[in-house]
Every structure is written in structure tokens, then in C-alpha cells.
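# Breakdown of the fold
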Amino acid sequence: MNDALVIAGKTYASRLLVGTGKYKDFDETRAAMDASGCEIVTVAIRRTNIGQDANEPNLLDVLPPDRFTILPNTAGCYTADDAVRTLRLARELLDGHPLCKLEVLGDPDTLFPNMPETLKAAETLVKDGFDVMVYCSDDPIQARMLEDIGCAAVMPLASLIGSGMGILNPWNLKLIIEQSKVPVIVDAGVGTASDAAIAMELGCDGVLMNTAIAKAQNPILMASAMKKGVEAGREAFLAGRMPRKTYAATPSSPTGGLIGG
Ligand SMILES: CC(=O)[C@@H](O)[C@H](O)COP(=O)(O)O
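Residues numbered from 1 in each chain as written. Predicted model: local features only at pLDDT ≥ 70, side-chain atom pairs only at ≥ 80, totals over all residues. Heavy atoms only, no water.

The name given to the protein in an unreviewed UniProt entry is Thiazole synthase, and the organism recorded there is Denitromonas halophila. What UniProt states about the protein under its Sequence similarities (unreviewed entry) heading is, verbatim, "Belongs to the ThiG family." We quote the UniProt Pathway (unreviewed entry) comment for the protein here in full: "Cofactor biosynthesis; thiamine diphosphate biosynthesis." (UniProt positions renumbered as here; feature names shortened; annotations may be inferred.)

Printed below as a string of C-alpha cells:
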């Protein structure tokens, strides 16, 4: 079945996008990425060396850009200016590669997106030729504004970054999914494989996660579980679930012509 994810004109077989922070070391990072089957890996440019420091280990040596699509992100940025500057640096380091993840945070306690600054940065980056995948609140109006600006994907949070609380507002996500013409990718707050499956069953185009894999007791096994969760949720979405009954039973076999009846 041809069911590819298309982002900014490029096709991906995997609908799971994975963050590269919080692992024990680069070897574990690479093993988790392989087990997840992901093709897109996101990298916090302010925290990870992808060539800024020639004397430090370079993540791109274990996650080579000819094997993975590198999605530089602006984790740690609290203003539009900071985020734009960070992504321009990333573009230089990645030889002009335009795909990026915009994340402008509101405060260090909630790590909730600052939506006015996010909209401002998105506008600048799109005009500057970036393909912007954008972390945002699960507010359908803000998501529509980002799509109207020209973002390549909208990425509403499931719950707070690093919380592992799963999807707090499936109803809002559904509204965003129904209205969006660009991919909708749940980003942040996924805790376990069933959360990923639920996101996909709702009709999300993909799931982006970091902590749920990196901070699992066995990150490699959890990466594999997440792969299956995303795939199972996607198949269930495409299959179309049975109508949900409100606590009313229906026999599993025909009721007419019972033997001895
Ligand atoms: C890696 C990254 O981009 C994070 O900022 C992202 O939002 C993931 O959040 P979780 O760690 O909760 O999966």
C-alpha cells in the first residue's frame, strides 16, 4: 500500500519523527533511531553539536544526513529573533537545507509555545525560504494562522514537553486535523506506544517524540514499540473503526435460524 507521508514535497515511509536529546550517548541515540524506523530526526541546534564546535563529537557522524533527514529545531528559544537566528545558523551548517522545526517557548516551567512569537518567526522564516514545521498550541485558530502563513506542517502538542501525559485534548486535535491541508503531527507529551496509536487513530499524519523513547527503561525496545504504535494507529485510521455503541451489546453472530431454536 502506498501511504507515504509528504512534507514540503518530500516523501517519507515512516510517520514517526524522533528527537535526539536525552540519550546516554550517541551510540544509544543511533540504536534508538534505527529501532524506531524513523527517517526524520530532530536536533536542538542550541544544545547539540552538528559542526558548530570542531573539537566536540558531531551528531552527524552517527546520524549522517544521507541516511536521515535532519530537522534542526529551536529548543531553548524564547523569542522570534532567537529562533530565526538559530535556524539561519542551522541552514548554513546543513548546506542550505530548508526544512526546520520552529519552537518558540513561552516560559521554562511549562515549555508551552509562545504563539505571538511563533507566528512572527514563522512569517519571517517562510519569506526566507524555509520549510517550517511548527510546534504550536492545540488551538485550531492558531494552527490555521500558521498554515495560512505557509508552514509546511503544524505540530500541536499532545501535552507538556517531557511530561509523558499523552493526548490531553483529542477534541481540539480533531478540529485541527479536519481543517488542515498540511500534515498535522502531534509533537510533545507522548508517553507510551498507545498514546502514539491514539494520535494516529485520530487522523494525525505523524507523531514527533523524544522523552518517551530516550527516558524509557529500555530506549531501544521502546523505540520499536513506538514504531508499531504509529503503524497500528495509522492502519486503524485507514481501516475506519466500527461505529461506537453507547454501552449497548450486539451479538457477534446472526440471531436468526438458531440450531434447536
Ligand atoms: C525533541 C523536541 O523537539 C521536543 O521539543 C519535542 O517537543 C518532544 O517532546 P517530548 O520530549 O515530550 O516527546
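Moving on, we come to the overall build of the protein. Looking only at helices and strands, the protein has nine helices and 10 strands in total. At 20 Å, the protein has a C-alpha radius of gyration in line with the 18 Å of a compact globule built from 261 residues. Reported as C-alpha extents along the three principal axes, the dimensions of the protein are approximately 85 × 40 × 35 Å. Evaluated residue by residue, the protein yields a buried proportion of 49% over its 261 residues. Considering only contacts in the protein between residues 6 or more positions apart, those separated by 24 or more positions represent 66%. (Helix = DSSP H or I, 4+ residues; strand = E, 2+ residues; numbered from the N terminus. Rg over C-alpha atoms; globule rule 2.2 N^0.38 Å. Buried < 20%, exposed > 50% of the residue type's maximum accessible area, 1.4 Å probe, protein only. Contact = heavy atoms within 4.5 Å.)

Below, the discussion takes up the pairing of strand 3 (residues 16-19). A two-sided burial pattern is seen for strand 3, the buried positions comprising Leu16 and Val18 on one face and Leu17 and Gly19 on the other. Both strand 3 and strand 4 (residues 40-44) contribute to a ladder of three bridges, which runs parallel. Residue pairing across strands places Gly19 opposite Thr42, the latter belonging to strand 4. Crossover connection from strand 3 via helix 1 (residues 26-36) to parallel strand 4: handedness right-handed. (Pairing = 2+ DSSP bridges. Right-handed = clockwise from strand over helix to strand, strands pointing away.)

Taken from the UniProt record, the annotation "active site" (unreviewed entry) applies to Lys101. Looking at where Lys101 falls in the secondary structure, it is placed in strand 6 (residues 99-102).

Under the UniProt annotation, the feature "binding site: 1-deoxy-D-xylulose 5-phosphate" (unreviewed entry) is placed at Gly162, Ala188, Gly189, Asn210 and Thr211. The largest pairwise C-alpha distance within this set of annotated residues, which runs over 50 residues, is 8.9 Å, so the set is compact in three dimensions. From this annotated list, the subset lining the largest pocket comprises Gly162, Ala188, Gly189, Asn210 and Thr211. Tracing the chain through its elements places Gly189 in the loop between strand 9 (185-187) and helix 7 (193-202). In this structure Gly189 touches Ala158, Ser159, Leu160, Ile161, Ser163, Gly164, Met165 and Gly166, once residues within four positions along its chain are discounted. Its place among the elements puts Asn210 in the loop between strand 10 (206-209) and helix 8 (211-214). In this structure Asn210 touches Gly19, Thr20, Gly21 and Tyr23, once residues within four positions along its chain are discounted. (1 Å grid on protein atoms, 1.4 Å probe; cavity = no way out; pocket = protein on both sides within 12 Å on 5 of 7 lines; lining within 4 Å.)

Moving on: the pairing of strand 10. Residues Gly206 and Leu208 point to one face of strand 10 and Val207 and Met209 to the other, with burial holding for every one of them. Of the strand pairs in this sheet, strand 3 and strand 10 are connected by three bridges, and their pairing is parallel. Paired with Val18 across the bridge in strand 10 is Met209. When strand 9 meets strand 10, the two strands line up parallel, connected through three bridges. Within strand 10, the position partnered with Val186 by the bridge is Val207.

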